[in-house]
Amino acid sequence: MQDSAPLPAVRVCASSDLANGGLGVKIPVSDGAGRTTAFFVRYQDRVHGYLNRCAHVGVELDWEGSFFTRAGDLIMCARHGATYQPDTGLCVGGPCKNGRLTVLTVEERDGAVYWQPAGKIRPQDDAAAGLFS
């Protein structure tokens, strides 16, 4: 029988590492289909986390840690130009119209950002050491 106990929260970064509309932080994860990354960004003073996979083709969204448009108001796929609302992950423009990013549960506490793994999206085994809170 498999243990269904929830995984402990994963410390992603210091809260100060994320600026509104600025660069994101990526961590390695597995989603049941293989290895990928998750990303975390700050928008309107709140942190949001998503699986780093475009709803259009499934490629990673960022270009060297940059997830936002130059205006800092939308998340944009660097490969196809699809745009997403930073607070919901809903695609609002481009080839994935009405698709959405996979939302991750995120919390800020004690000056740090934490992700609560759930479902098939898990920390990669070889990267998990030292990440748990």
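Residues numbered from 1 in each chain as written. Predicted model: local features only at pLDDT ≥ 70, side-chain atom pairs only at ≥ 80, totals over all residues. Heavy atoms only, no water.

Q: Looking at this model, I keep getting lost on the overall build of the protein chain. Mind explaining?
A: Summing up its helical and strand segments, the protein chain has 1 helix and 10 strands in all. Taking all 133 residues of the protein chain together, the buried fraction comes to 41%. Within the protein chain, counting contacts between residues at least 6 apart in sequence, those at least 24 apart form 48% of the total. Accessible surface computed for the protein chain: about 7200 Å², of which carbon and sulfur atoms make up 48%. (Helix = DSSP H or I, 4+ residues; strand = E, 2+ residues; numbered from the N terminus. Buried < 20%, exposed > 50% of the residue type's maximum accessible area, 1.4 Å probe, protein only. Contact = heavy atoms within 4.5 Å. Areas by Shrake-Rupley, 256 points an atom, 1.4 Å probe, with all protein chains shown as cover.)

Q: For this particular structure, what's the right way to read the pattern of salt bridges?
A: This structure, assessed with the given rule, holds 5 salt bridges. Here lysine 26 makes a salt bridge to glutamate 60, at a shortest N to O gap of 3.5 Å. One end of the pair, lysine 26, is in strand β2 (residues 25–30); the other, glutamate 60, is in the loop between β4 (46–51) and β5 (75–76), and 34 residues separate them in sequence. For lysine 26, a relative accessible area of 36% corresponds to the partly exposed category. In this structure glutamate 60 comes out as partly exposed when scored by relative accessible area, which is 25%. Of the charged contacts in the structure, one is a salt bridge between aspartate 62 and lysine 26, with a shortest N-O distance of 3.1 Å. Here aspartate 62, found in the loop between β4 and β5, pairs with lysine 26, found in strand β2; they are 36 residues apart in sequence, far enough to count as distant. (Salt bridge = Lys/Arg side-chain N within 4 Å of Asp/Glu carboxyl O.)

Q: Help me understand the state of the cysteines, please; the structure alone is not making it clear to me.
A: When the sulfur atoms of two cysteines share a covalent bond, that bond is a disulfide. In total, this model carries 1 disulfide according to the counting rule given. Here cysteine 91 is linked by a disulfide to cysteine 96, with a sulfur-sulfur distance of 2.3 Å. In this structure, the disulfide formed by cysteine 91 and cysteine 96 twists by about 85° around the S-S bond and is classed as right-handed. Here cysteine 91 and cysteine 96 have matching classes, each one buried. Left unpaired, cysteine 54 is separated from the closest cysteine sulfur, that of cysteine 77, by 3.8 Å. In this structure cysteine 54 comes out as buried when scored by relative accessible area, which is 3%. Its relative accessible area of 1% is what places cysteine 77 among the buried residues. (Disulfide = S-S within 2.5 Å.)

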